[in-house]
Amino acid sequence: MKKILKKKIIIPILVCVVFFSTTAFKNDFFEIAKQIEIFTTLFKELNMNYVDETNPGDLMDTAIKSMLADLDPYTNFMNEQDVEAARINNTGDYTGIGARIKTLKDKLVIVEPYKDYPADKAGLKAGDEIIKVGSVLVENYDDHAGDLLRGVSGSSIEVTYKRQEKTQTATIKRAEVEIKAVPHFSLIDDKTGYIALSRFSKKAYAETNYALRDLKTQGAERIILDLRGNPGGLVNEAIKIVNLFVPKDQLVVTTKSKVKKYNRTYITKSDPIDAEIPLVILLDGSSASASEIVSGALQDLDRAVIVGSRSFGKGLVQRPKLLTYGTQVKITISRYYTPSGRCIQSLDYWNRNEKGEAVKVKEENYNVFKTKNGRQVFDGGGVFPDVQVGYNKISPITTAIVNNDLIFDYATNYYYNHTFDDINTLKLTDKDFSEFKNYLKTNNFSFETDTEKALKKAFETAKKEELNDNIESDFNTLISNLNTSKTSVIDKNKDYLLELLTKDIVKRYVYREGLYEYLELHDAEIKKATDILSNPSTYLGYLK
């Protein structure tokens, strides 16, 4: 009772502060105040009078998430754990066991142990399932179970985990963990430097700057900057990284918002490290946000050749806003535009289809823009590579295989059943792919297509209307044919699935650091980038 009344008092006060300090909302003052009052009175009456016990926190969490779901997926409420996760992502520093963890209902799964950090030193491997931390069973822990692994540097914790159905224990001594923005850089050959930039944290510019200078000292005369799989991060870091390769006072990106103070123009502020060194950027469908600012700007300025597949297409900018009790809301405040004036946002969250789903901007609706040299580039669908290598369109079935951790789990089993003298000799074969497909069957992988859903709905309606006598066999035939088609789709995506499997398997043996060394020898995009850079006329031909 007291808790509810307290909320009723606090909310109007906060609302007044927001209204009187933010001029953009003055016109909506009455309507917002009215809706807040309706909600708070409803919330009070519901919690006081509902027939069963209610949990105000859970109800509020559901209400907030439902409200934000009508906007875009980047506008999110962040509880205390989310705020801490965002801090770690932005800084790359925390105290813990040194591993990437996936939190499930009854266990914590080691996704990737970081080399020479506590989890690795204690012998933990990718795929290990932590079921108990100290005396606490993960399945009985109500809060964010991953927090159990954090603690003071130097403190120890015993974990109980399952590996290949066997239960084991390990004692882990926590330590300061530093997640690098540039996990790897090296000379691929005498003149070609390679930099892998995995995130735009607060260290991204400093580490990229260091890598570039170091490679030039070693003799690099051309650079490959790998942004594949980089989901983005801090805009200011992206601007400074562009500045490594372009002169001072160059426009990089502009942001436009309904709130005037968020309308920004970002200009390079320093002299570059090298404004002439030939540069190739690698992209894929997971390169997003700040990755697209860097690649889009350098493409518009004809400063780099883009190689790979089309990027994700996130042209929106978020800003966190502080709330009470250590929480935040991350709000999409603006769209960003590359130097040519294009916004590469792919999904339209404001004009949804009949199912309420955001739809992709159609190619026929893309607008044409011009680079500095007059080359055509387009908005609306991510950054298009100048040289396409890789996979532009991934089937929903393949995405479901990945999202159900079947690539990850297969790699775990593969690791415990194969040994290598030199992992760089690994090459998965047709036989391996057949074994993977059998693995999907034995693990009951199923993916219901929209076509199947529609057919089943129609068949259920036919049964209710007693029309099913003559169509049941036809229905079963259609479903059987669809299952055959799904198998065919998996076969068509064979190369992509084998590539994902190979990367996950290699990491099991030689960590992320070893994966980059493997890619330098075998990766098609890196090979193509190296070929382009080694031929000056070919390189310049793409930019003119």
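Our structure's up above, just so we're on the same page.
If you're wondering where the values come from, they're calculated on a predicted model, not measured in any experiment. (Residues numbered from 1 in each chain as written. Predicted model: local features only at pLDDT ≥ 70, side-chain atom pairs only at ≥ 80, totals over all residues. Heavy atoms only, no water.)

A.B. asks: What should I look at first to understand the overall build of the protein in this one?
C.D. replies: If you tally the helices and strands in the protein, you get 16 helices and 23 strands. Rg of the C-alpha trace for the protein: 26 Å, near the compact-globule value of 24 Å for 544 residues, within the 12% margin. Viewed in the frame of its principal axes, the protein has a C-alpha envelope of about 75 × 65 × 60 Å. Here the analysis covers contacts within the protein between residues at least 6 apart in sequence; of these, 68% occur between residues at least 24 apart. Accessible surface, the protein: about 29,400 Å² in total, of which carbon and sulfur atoms supply 51%. Of note, the protein has its 76 positive side-chain charges centred 5 Å away from the centre of its 76 negative side-chain charges. (Helix = DSSP H or I, 4+ residues; strand = E, 2+ residues; numbered from the N terminus. Rg over C-alpha atoms; globule rule 2.2 N^0.38 Å. Contact = heavy atoms within 4.5 Å. Areas by Shrake-Rupley, 256 points an atom, 1.4 Å probe, with all protein chains shown as cover. Lys, Arg positive; Asp, Glu negative; His and termini not counted. Charge placed at Lys NZ, Arg CZ, Asp CG, Glu CD.)

A.B. asks: What's the story with a positive patch on the surface in this structure? I'm lost.
C.D. replies: Where like charges cluster on the molecular surface, the positive patch consists of K261, R264, K269 and R319. With respect to the element layout, K269 can be found in the loop between β14 (264-267) and β15 (279-283). Classification of K269 as exposed rests on a relative accessible area of 70%. (Patch = residues over 30% accessible without salt bridge, like charges linked within 9 Å, V, L, I, M, F, W, Y side chains within 5 Å. Salt bridge = Lys/Arg side-chain N within 4 Å of Asp/Glu carboxyl O. Buried < 20%, exposed > 50% of the residue type's maximum accessible area, 1.4 Å probe, protein only.)

A.B. asks: I'm lost on the packing of aromatic side chains in this one. Help?
C.D. replies: Aromatic ring pairs are reported here in terms of the distance separating the ring centres and the angle at which the planes meet. Summed over all chains, the structure comprises 13 aromatic pairs. Judged by centre distance (5.3 Å) and plane angle (90 degrees), the ring pair of F420 and Y509 falls under edge-to-face. Pair noted here: F420 is in the loop between α10 (406-415) and α11 (430-442) and Y509 is in helix α14 (residues 494-522), with a separation of 89 residues, a long-range link. The exposure class assigned to F420 is partly exposed, which follows from its relative accessible area of 28%. Judged by relative accessible area, which is 21%, Y509 ranks as partly exposed. Looking at K256, its charged tip hangs above the ring of Y337, at a distance of 4.7 Å from the centre. When the ring centre of F408 is taken as reference, the NZ or CZ atom of R508 above it lies at 4.5 Å. (Phe/Tyr/Trp six-rings, centres within 6.5 Å; stacked < 30°, edge-to-face > 60°. Lys NZ or Arg CZ within 6 Å of the ring centre and 35° of its normal.)

A.B. asks: When you look at the environment of D147 in this model, what are you seeing that I'm missing?
C.D. replies: With respect to the secondary-structure elements, D147 resides in the loop between β6 (136-137) and β7 (156-163). The spacing of D147 and S446 is 299 residues in sequence and 33 Å in space, taken between C-alpha atoms.

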